[in-house]
6 protein chains.
Amino acid sequence: MIRIDNRKYDQLRDVHITRNYLKRPQGSVLIEMGDTKVICTAMIDDKVPPFLKGTNTGWVTAEYSMLPGSTIQRKARESARGRIEGRTQEIQRLIGRSLRQAIDLGQIGERTIWIDCDVIQADGGTRTASITGGFIALVDAVNWLYEKGDIETFPILNFISAISVGIVDNQPLLDLCYEEDHKASVDMNVVMTDNNEFVEIQGTGEEISFSRKELDQLLNLAQKGINELIEMQREALGNIAELIGKNKKAEGDRDE
Amino acid sequence: MIRIDNRKYDQLRDVHITRNYLKRPQGSVLIEMGDTKVICTAMIDDKVPPFLKGTNTGWVTAEYSMLPGSTIQRKARESARGRIEGRTQEIQRLIGRSLRQAIDLGQIGERTIWIDCDVIQADGGTRTASITGGFIALVDAVNWLYEKGDIETFPILNFISAISVGIVDNQPLLDLCYEEDHKASVDMNVVMTDNNEFVEIQGTGEEISFSRKELDQLLNLAQKGINELIEMQREALGNIAELIGKNKKAEGDRDE
Amino acid sequence: MIRIDNRKYDQLRDVHITRNYLKRPQGSVLIEMGDTKVICTAMIDDKVPPFLKGTNTGWVTAEYSMLPGSTIQRKARESARGRIEGRTQEIQRLIGRSLRQAIDLGQIGERTIWIDCDVIQADGGTRTASITGGFIALVDAVNWLYEKGDIETFPILNFISAISVGIVDNQPLLDLCYEEDHKASVDMNVVMTDNNEFVEIQGTGEEISFSRKELDQLLNLAQKGINELIEMQREALGNIAELIGKNKKAEGDRDE
Amino acid sequence: MIRIDNRKYDQLRDVHITRNYLKRPQGSVLIEMGDTKVICTAMIDDKVPPFLKGTNTGWVTAEYSMLPGSTIQRKARESARGRIEGRTQEIQRLIGRSLRQAIDLGQIGERTIWIDCDVIQADGGTRTASITGGFIALVDAVNWLYEKGDIETFPILNFISAISVGIVDNQPLLDLCYEEDHKASVDMNVVMTDNNEFVEIQGTGEEISFSRKELDQLLNLAQKGINELIEMQREALGNIAELIGKNKKAEGDRDE
Amino acid sequence: MIRIDNRKYDQLRDVHITRNYLKRPQGSVLIEMGDTKVICTAMIDDKVPPFLKGTNTGWVTAEYSMLPGSTIQRKARESARGRIEGRTQEIQRLIGRSLRQAIDLGQIGERTIWIDCDVIQADGGTRTASITGGFIALVDAVNWLYEKGDIETFPILNFISAISVGIVDNQPLLDLCYEEDHKASVDMNVVMTDNNEFVEIQGTGEEISFSRKELDQLLNLAQKGINELIEMQREALGNIAELIGKNKKAEGDRDE
Amino acid sequence: MIRIDNRKYDQLRDVHITRNYLKRPQGSVLIEMGDTKVICTAMIDDKVPPFLKGTNTGWVTAEYSMLPGSTIQRKARESARGRIEGRTQEIQRLIGRSLRQAIDLGQIGERTIWIDCDVIQADGGTRTASITGGFIALVDAVNWLYEKGDIETFPILNFISAISVGIVDNQPLLDLCYEEDHKASVDMNVVMTDNNEFVEIQGTGEEISFSRKELDQLLNLAQKGINELIEMQREALGNIAELIGKNKKAEGDRDE
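Overview of the structure. (Residues numbered from 1 in each chain as written. Chains lettered and ligands numbered in written order. Predicted model: local features only at pLDDT ≥ 70, side-chain atom pairs only at ≥ 80, totals over all residues. Heavy atoms only, no water.)

1. A word on the packing of aromatic side chains
Residues and elements named next belong to chain B.
- One pass over the structure, following the stated rule, counts 24 aromatic pairs over all chains.
- With a centroid separation of 5.4 Å and an interplanar angle of 40°, the aromatic rings of Phe135 and Phe159 are classed as tilted. A residue pair is termed long-range when its members are at least 10 positions apart, and Phe135 in helix α3 (residues 126–148) and Phe159 in the loop between α3 and β6 (160–168) qualify at 24 residues.
- By relative accessible area, which is 1% here, Phe159 ends up buried. (Phe/Tyr/Trp six-rings, centres within 6.5 Å; stacked < 30°, edge-to-face > 60°. Helix = DSSP H or I, 4+ residues; strand = E, 2+ residues; numbered from the N terminus. Buried < 20%, exposed > 50% of the residue type's maximum accessible area, 1.4 Å probe, protein only.)

In structure tokens:
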């Protein structure tokens, strides 16, 4: 089978990661996966949501948006409609949950780190690109605190990357572009750590259901792609990458 | 290990299904899974969303809400806040997607079937109970059309049931109640058909990530639970159950 | 004249009151008047609105909603529309005002008691059923505080019940069902105490105006119906009923 | 008993009615009742709400608002809050219902007459002044259609006026000013026709309930006040007043 | 060239200023410029916005609205639509900015003065009339504080007036009425002080652009009109006018 | 005087214009003026607003937004707040009005061209950069129609550019960066054509008023800057620039 863009079934699109893309945020990344381009920023706020006040614990939250010009049909602004779509809410909750898995929130004090993912061009896989790019922005913001001496321990526990997989014409594929995604009968987003463990699995039979065997094929593809993405994150982060995972969460250590 | 309510790790809570619970809707069900109680209704509207106008195809959509008195802390009404929470949107999108997998929308004409799931008492697993109960309400509404002669073919393609599974204290468990859900390190909702195939998998490591082996254990539990639930649906539906799956979708038949 | 459901002009529909219908709220009632079914809950919150802060006085407030499946045409959710209808606002203000007449707010400390009335099936008279059922939920919530020793004085001053009356085909009728209500030329909701006094009168000539004589006939009917409802409330409450009215409001005692 | 402003218990405040107060609307009135001042306009729109399309029937609807400078504490704009208060909704529904009782909607074609009541100064009784003033604006707008020949029959069926009554310090009073209203234990708004019949009665025991005898006293006061107001409306309208009630509604005639 | 209402090209419409138009606000003015009529009120609130808390500095803010009956086509209420139009926001920001130029905010303590401008009849130039009238209301409110002894220094630094100018059929005109405004190719609003200096200039080529020479002609006209308006403000304010500008802002004095 | 970034008082910042920045929109530009970076897109929609239906005339409208990471303090999303700020509304109205001056709307048929300006980094002058960049995106979108043969006449009538000017420490300056803008006592945005004529002038005395002489100095600076910007636009557009202004608007031609 030949894919639309001549890739193999288990091949990622070209990935480019530009760190320090903007000058205002503590962390900012332009991530490009093929024609999908997302600006991910991480900004630190010295406040936490009400449920964390007085706990000496921080928070990571995410917002996601598509620019009107990112899609073929102009994407109407959610601000103009006055309400945020269900799809957007789902995505920003997913990004936030995934990235909170990367960090020991007890080590950053009562701070909120806002992860903003703004899609400037969409060609499939924007939510997973947001997680992969957002992770780097998060690490840079945390490092900014660490280098200033505002936090004592480097609190990033592990790498987090994400990728989409799906079944198109009965063929499991890695990293679907928009045209493939549109035709997919099964669509799955997978978020994993550098320990080969799962953080999130969201799989949907778009038109038809899928078997246990197909699920296994998809998870294998996802695992391969995520391993490659984590290598790129590691390379992009340079020296900082070595700080990741050095410190383990005091409690919550898993005893298997 | 002993569960809070003395169940075994792979045991469902007591399930009660009351068909025709209300007199206005074409289909209405009270589903009780332990202390979780959800009213699921199916109502037929002779209109379709704009994107389906003129296609001779119908639609199934779902809404979900929790009554203020369903939770320990009073649940503030989303109407009073003027906006629908992300969690609610996520759930109603999940219910809608799942139930659309049960029906050949090309057989019901330009009609929308509204599935409303109102939680009157919440004790964990409200979204999966909504799918399991909503399926029966959907079948009853479709049967109402069928018996009136408004549709020629009985369009229900398969059963759909859903259940939650999770890992609590390193132990995979079936059908979590609220207290278990609260403590779970991994939480997963699974929707399946009576062909043992998946419609949706949504798994989240709440605090820690999970391994491929743990994933497999959870999917095994879910499959067991769903098989039991489908038997209860079959029983509740009586004769109508026999009509399910008799007709296959003309196109979209899967050729493996 | 024969009524649609064979009742006499001055006859209530069958009334069923189920106390402790739900397990989360401090008070919860399912009230059924014919086919009208309303879940009324009372939940205690340890906060008061800003205008009562520091006054050592409590508050009772009410919210009302109809489930989508409660009506013949599906009732669109107010949360989905993003705004609460005028009719709903009118009803919840009426319920709140009426129930505040039952209680000495100075005796419950700075607490808010939320009365939630959710109509699961509508067949006329939902707002008056909400008041009649909500009263019992309120008493149960207050009793929960009283038994725990959180309040010293049982603060319920009198019973409160409500009923609708109206003129259909020139005939004054008690307790209109939906079909009668639809045809009524005059429609009136009356709230009274067990002292035969009025708390609220809301009468509307729907198409034509009404005379003083007709008003008197309607008030007589309402009084009869409310007396019967208060007897049912008394019976449902059992021993607790005897505590009602034992303590009079310190100030505000009426000297006639 | 001496009232705050030296009136007798059954005396209206000074009433001034200025017709044609503004030049844009088809009908416009400044009504002053003591220090309460309301601008009432009636504007004709050649459209009807969806439920009346194709019925050859018109509609009358009302909106009500208080200017920020009308009250002692600045009244925050509902546009700035983004939602209309329950009190406002209740009032505008009352005004609309009351004025629809004045007109044979079948005689004005598919037109909506918008009644806007904007309180520029509030000193009690703004909703009843809105009805009394709005009636005149409505008649002027209807007359504008009639004189242009757009409608054949003068469709105003009767006069409509409204007044507030209440009990202050156990004394029933007519036409409460703000200070009296604030202290009233019972508060009632009454809308009547020139046939001495009721259109609306809305009575509320603010702190205590009220007896049947007190109700009768209040209704007597209201009737006296409304009779006087209708005389002032008649005078203000001059010749046009003579057209009112000439034509009776074809169907809906009441046969007693 | 003869103007629609027989004015000369550089002639203002008749201006009437009624001080103390309402009894609740600390300052209130009805300003009429031809058929344009605006109620301007100034009300004092003992709170400031968050960014001024603890600074011992006050604030002046403005809101603007058109009554539904002020325009030929009924103006739909922004409260009913649930959002404030861009035009309204632009106008109320302009009014607020302009009037803040009149006052030394450091002299009024932590108070907000709300300027509300409600257009009861619109015939062009409502925003500039709001500024001219709002200034007088502001002075009266400030004087109310000053006379009570709540502030020590009279903080009004200079007069502020505003006028519209425009080009109609190639002719620069002063103070456009609605019909002229509608036809204007260039439309400009100018706000000035009694020192002949500019506070705001907002000029728009509606259909065509305009030259530097035309700009100069328009500014000359505006300056003439504003000088006349300031004389009327001075006259309307009587003795209070003499207090204006007596005290200069301590810092921020301009050294030219 | 030395400016913060070593520019002369009448010197623009470095300007970079990247055409065809994105692949979905018909026109897309990244404009950089110093550290200010705005993505401007132009997208064609085959619909017009209601007021233009059936007129065979098109429309140009603009939306503007700042990414959360564009500012030093994270800019909260307007979609999350549910309402668009006054500042945003003002800016998008300004952009739309300005760009409509560039085009003969009667030549593009019933189409809307959406101009979206998304600020990815803000350092002063974002609204004027949006106009200057948006003009190029508009020309590219129009050219796309022209080259496809969808429109017969090239409808761009003139160039449009915009710049900010202001007075800082008594010194008039061209093209203020954020730090200068923050300190400016007078702030002015000017939009002009390549005929040296004005489209918009918006000048505000932020703290103090300004004289006619200062206004003249500012306009001279603006004119110089805009001439330079138009040259850059001309260069960026290459051959297409020669089509601009070839066709004059049939009616509305100005006869001076």
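2. Description of the relation of the copies chain A and chain B
- When chain A is brought onto chain B, the operation consists of a screw motion whose angular component is 180° and whose axial shift is 0.0 Å, with 0.0 Å RMSD remaining. The superposition of one copy onto the other is thereby described by a two-fold rotation axis. Ranked by how close their C-alpha atoms come to the rotation axis, the residues of chain A are headed by A:Gln202, at 2.2 Å.
- The residues that chain A uses at the interface reappear at the interface of chain B in 100% of cases, marking a shared surface. (Least-squares fit on C-alpha atoms with pLDDT ≥ 70 in both. Contact = heavy atoms within 4.5 Å.)

3. Some points on the interface of chain D and chain C
- The interface is formed by 38 residues belonging to chain D together with 38 residues belonging to chain C.
- Counting the surface lost from both chain D and chain C, the interface buries some 3,500 Å², and carbon and sulfur atoms represent 38% of this.
- Counting the contacts that link chain D with chain C gives 4 salt bridges.
- One salt bridge connects D:Arg212 with C:Asp216, and the closest N-O pair in it is separated by 3.5 Å. (Buried area = accessible area lost by both parts, 1.4 Å probe. Salt bridge = Lys/Arg side-chain N within 4 Å of Asp/Glu carboxyl O.)

4. Some words on the side chain of A:Arg97
- With respect to the helices and strands, A:Arg97 occurs in helix α2 (residues 86–100).
- Under the relative-accessibility criterion, A:Arg97 is labelled buried at 18%.
- With residues up to four places along the chain from it excluded, the contact list for A:Arg97 reads A:Glu200, A:Gln202, B:Glu90 and B:Thr204.

5. Structural notes on the packing of helix α3 (residues 126–148) of chain E against helix α5 (residues 212–237) of chain E
Residues and elements named next belong to chain E.
- It is the contact of α3 with α5, at a shortest axis distance of 11 Å, that shows an interaxial angle of 30°. Comparing their axes, α5 and α3 come out roughly parallel. Between α3 and α5 lies a crossing whose hand is right-handed. Contacts between α3 and α5 involve Thr132, Phe135, Ile136, Val139 and Asp140 from the former and Leu229, Gln233, Ala236 and Leu237 from the latter. (Axes fitted to C-alpha atoms, helices over the stretch in contact; angles between N-to-C directions. Parallel < 35°, antiparallel > 145°, perpendicular 65-115°, else oblique. Left-handed = near helix turned anticlockwise from the far one by under 90°.)

The values are spatial; any link to function lies outside them.
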